[in-house]
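Coordinate inspection notes
Each chain, letter by letter, is given below.
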There are 4 protein chains.
Amino acid sequence: VTPESVLLTAKLAPLRQQLVDLHGVLDRSGLVAWTSGNISTRVPGEDLMIIKASGVPYQDLNSQAMVVTDLKGEVLAGSLRPSSDTATHAYIYRHMPDVGGVVHTHSSFATAWAARGEAIPCVLTMIADEFGGDVPCGPFAPIGDESIGAGIVETLNNSRARAVLMKSHGPFVVGPTPAAALKTAVLLEEIAKTVHLARQLGVVERIDQGAIDSLHQRYQCEYGQRS
Amino acid sequence: VTPESVLLTAKLAPLRQQLVDLHGVLDRSGLVAWTSGNISTRVPGEDLMIIKASGVPYQDLNSQAMVVTDLKGEVLAGSLRPSSDTATHAYIYRHMPDVGGVVHTHSSFATAWAARGEAIPCVLTMIADEFGGDVPCGPFAPIGDESIGAGIVETLNNSRARAVLMKSHGPFVVGPTPAAALKTAVLLEEIAKTVHLARQLGVVERIDQGAIDSLHQRYQCEYGQRS
Amino acid sequence: VTPESVLLTAKLAPLRQQLVDLHGVLDRSGLVAWTSGNISTRVPGEDLMIIKASGVPYQDLNSQAMVVTDLKGEVLAGSLRPSSDTATHAYIYRHMPDVGGVVHTHSSFATAWAARGEAIPCVLTMIADEFGGDVPCGPFAPIGDESIGAGIVETLNNSRARAVLMKSHGPFVVGPTPAAALKTAVLLEEIAKTVHLARQLGVVERIDQGAIDSLHQRYQCEYGQRS
Amino acid sequence: VTPESVLLTAKLAPLRQQLVDLHGVLDRSGLVAWTSGNISTRVPGEDLMIIKASGVPYQDLNSQAMVVTDLKGEVLAGSLRPSSDTATHAYIYRHMPDVGGVVHTHSSFATAWAARGEAIPCVLTMIADEFGGDVPCGPFAPIGDESIGAGIVETLNNSRARAVLMKSHGPFVVGPTPAAALKTAVLLEEIAKTVHLARQLGVVERIDQGAIDSLHQRYQCEYGQRS
């Protein structure tokens, strides 16, 4: 046991506990069924991330089930396997330095758009506020994990939205922190549902680009409390 | 500290607590996601209103997070920012003296009608009872807050319903008290859902105007307990 | 205070408490919004019924809010108004001696069928089991309460189902007891939802009459425990 | 009381308690309404199974309501009737020696596909993962229980999926244990809902067979923790 490893363990403990708490919020939000879905966090200042263990029921999650890996997805310590989506999360952290948290779900309405490979059009002020435009679709990435990560990063780099609907798969959401990404994941399902319902009974009109820009700008600046 | 300000503080305390309680009901009703949605109350006998602070999670709401403003939306005291919809609520109180409470949500089914800019037709006795006719749509108001409030007030002035679906945005509901407005907001989502479902599989017929009038009249007089 | 009135009060007390409990089940079942919906029970051996007071929130219901009326809907004692649907319940008890309980809701999917004035076709074994055939629609009865009751009784007299979807209004369900009627109301919403979903994406086939008869017969005899 | 019967009772006790717990999970999962739905378990090493009693409310279930029968569905002991689906479960255990648990529900979205007699196409990676291809439909079996069991077994024998949608009836799901079957039943409803939603607004593409095979293979090997 080196002094560095003692310091690192002390740094990881609160991050792992926060990740347990956020998975609790995810479970109660109705976005996940059974053991599906996962959240990860970058470890600030280290080339490390923490992610949920694979296939563990939400009610059994604790700090020990939050697996620490390097940014290639290799487990650092402990005997639990990390999420089967670990390589994808790691790819995102390697290629998007501003991302501090990633959320992946199969939430029903967002995944329905993903099944069709269809972007969610920006037809509501709340979409302009939170996503700044359409929520884009990414390519189908059949099996190689590298290709899923690459599809996500390329799609996000071409969009203001911090969420992407991977074709025939489901949504991946990023944010400066895992808490911010989780908020965006919850709002993504909400707008995926509302626009689905709207489209079922008729035509919906995209908000014009100038209004989208104004709404997004204002929301970034004026919503919430000054931190 | 003047005697007047002591009296005013005593007057505001129960109103702020009531608003905390009503936000709790709103949260549990399933009409809001994350921190979206807000309720305000007019302060009877004063040119003041109270509204939720911006972006505060529902589970963290307490009296301190209920911000007192004048009827132009200027904060009277405290350090928290009021809801980003404050100017709209204030406009309604300035122009509709009978309104004592305002509720704004993005509830899924009502917002789906709003996305299409389509009024909810009066095809059910419960719509005739509670709304006295169709629930109208208001114009899209891209960013200026004055224009949102003006669109709401103008639409409500031409309708028996105490609710309006603002185009590409969502519902605003008013009432003599915030509790009454909240009840109407809950029933609005209920009828928005039921008529949506009905229309998905066929044609629905509007109730004829005479029957609507009778139902509405009777509901106003005979439903509930004499107060 | 006569000996008879003392005996009657003792007879009513457990029925009123049971009705409080059943309204709790109704509230938790998701079939009602705000104060809508009501359950009544016949008082066995008397020309009396008990029904929920009008407009009282579900969480505030207690024995005092269960109003005793005669079978014309006239209140026997107490100061609370009975449900605004009391005359309809009373009509059913007067004309259907086998009915011991009535449930009325505006549950979303059943009411969507009612809005279209469309019977729910018997396309699932669980519909054959519980309803013995299609769930029929009754006429629109604009305001006179007598006409609502008459429409319900006439429709039920021509059907094996113990439920009717009143046009532009919602479902009324009857049973030998209020608990039995409540079970049927819950299953009605379930099948209203399932057939709605099935029909959204294609054609559904009615089960042939012989199979319906066999299923219904078997369910009546073999389901549940011998009492 | 023979030594064998004492041993058997000791063997059954934990299985019955586990079945009580799993019915609790089933109830909370939203897959069943009122008393519908049932789970059974094979008794390892015996020609016996255990299944829920017929028509008992979920909140009243305890070990005594878990009825032990032989593999022809004949009750071994106790006075409660087993589920009216007992003969079907027994048929499955007799003809599929690898099956250790069976779950039957009328969950809304899966039953909607069953009502149309339509298989759920493998259009999502989570379907490939869990089911290895389309979820198949079985024939309508009007009343003879033997024919329901036979239809289930024949359909499952021709499919990688461990679930079948019985025409005009609902889903039956099998697994090596009742817990595994329950997980599959929950995921079945989830994908039945998601593909339903996707299809409502457009065309969905089946994943190509090679990718399905890879996904299924990988999920079987790499998901979850090594046991």
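Figured I'd write up the structure that's included with this text. (Residues numbered from 1 in each chain as written. Chains lettered and ligands numbered in written order. Predicted model: local features only at pLDDT ≥ 70, side-chain atom pairs only at ≥ 80, totals over all residues. Heavy atoms only, no water.)

Quick notes on the environment of Asp208 of chain A
Residue and element names in this part refer to chain A. Here is the rule we go by: Segments assigned H or I by DSSP are reported as helices when at least four residues long, segments assigned E as strands when at least two residues long, and all are numbered from the N terminus. Identification of polar contacts relies on pairs of N or O atoms within 3.5 Å, with a donor-acceptor requirement for protein atoms, meaning one able to donate a hydrogen and the other able to accept it, and with residues adjacent in sequence counted only if both atoms are side-chain atoms.
Its location among the elements puts Asp208 in the loop between α6 (178-200) and α7 (209-222). A sequence separation of 75 residues divides Asp208 from Gly133, and the C-alpha atoms of the two residues are 10.0 Å apart. A polar atom in the side chain of Asp208 sits 3.1 Å from the backbone nitrogen of Gly210.

What to know about the interface of chain A and chain D
Size of an interface: often given as the accessible area lost when the parts come together. Worth spelling out the cut-off: Here, two residues are considered to be in contact whenever any of their heavy atoms come within 4.5 Å of each other. A 1.4 Å probe defines the accessible area here, and the buried area is the portion of it lost by two parts on being joined, summed over both. Salt bridges are defined as contacts in which a side-chain nitrogen from Lys or Arg sits within 4 Å of a carboxyl oxygen from Asp or Glu.
The partner chain D presents 31 residues to the 29 residues of chain A that form the contact. Summed over both partners, the interface of chain A with chain D buries about 2,800 Å², with 58% contributed by carbon and sulfur atoms. For the chain A face of the interface with chain D, the top three residues by lost area are Trp34, Arg81 and Arg116 of chain A, together amounting to 26%. Scanning the region where chain A abuts chain D turns up one salt bridge. Note that Glu205 of chain D is salt-bridged to Lys167 of chain A, the shortest N-O span being 3.4 Å.

Some points on the nonpolar core
Filter applied, for reference: To qualify as a nonpolar core, a set must consist of buried Ala, Val, Leu, Ile, Met, Phe, Trp, Tyr and Cys residues joined through side-chain atoms within 4.5 Å. Residue burial is assigned from relative accessible area. The probe radius is 1.4 Å, only protein chains are included, and a residue is buried under 20% of its type maximum, exposed over 50%, and partly exposed in between.
Ranked by size, the top nonpolar core spans 220 residues in total, and within it Ile120 and Leu188 of chain A, Leu188 of chain B, Ile120 and Leu188 of chain C together with Leu188 of chain D carry the most contacts. Among all residues touching Ile120 of chain C, those that are not within four sequence positions of it are Trp113, Ile127, Asp134, Val135, Leu165, Leu188, Ile191, Ala192 and Val195 of chain C.

Considerations on the side chain of Ser107 of chain D
All names here are of chain D. With respect to the secondary-structure elements, Ser107 resides in the loop between β4 (101-104) and α3 (108-116). A polar contact is formed between the side chain of Ser107 and the side chain of Glu189, at a distance of 2.6 Å. Setting aside residues up to four positions removed in sequence, Ser107 forms contacts with Leu31, Pro171 and Glu189.

Details of the sheet that holds strand β1 (residues 38-43) of chain A
All names here are of chain A. The condition that has to hold: Paired strands, as defined in this entry, are two strands with at least two bridges between them according to DSSP.
Pairing within the open sheet is mixed, and its seven strands lie in the order β3-β2-β1-β4-β7-β6-β5. The open sheet is flanked by β3 (66-70) and β5 (137-138), the only strands paired with a single partner. Across four bridges, the pairing between strand β6 (residues 163-166) and strand β7 (residues 170-175) is antiparallel. What sits directly across from Met166, in β7, is Gly170.

These values are about where atoms sit, not about what they do.
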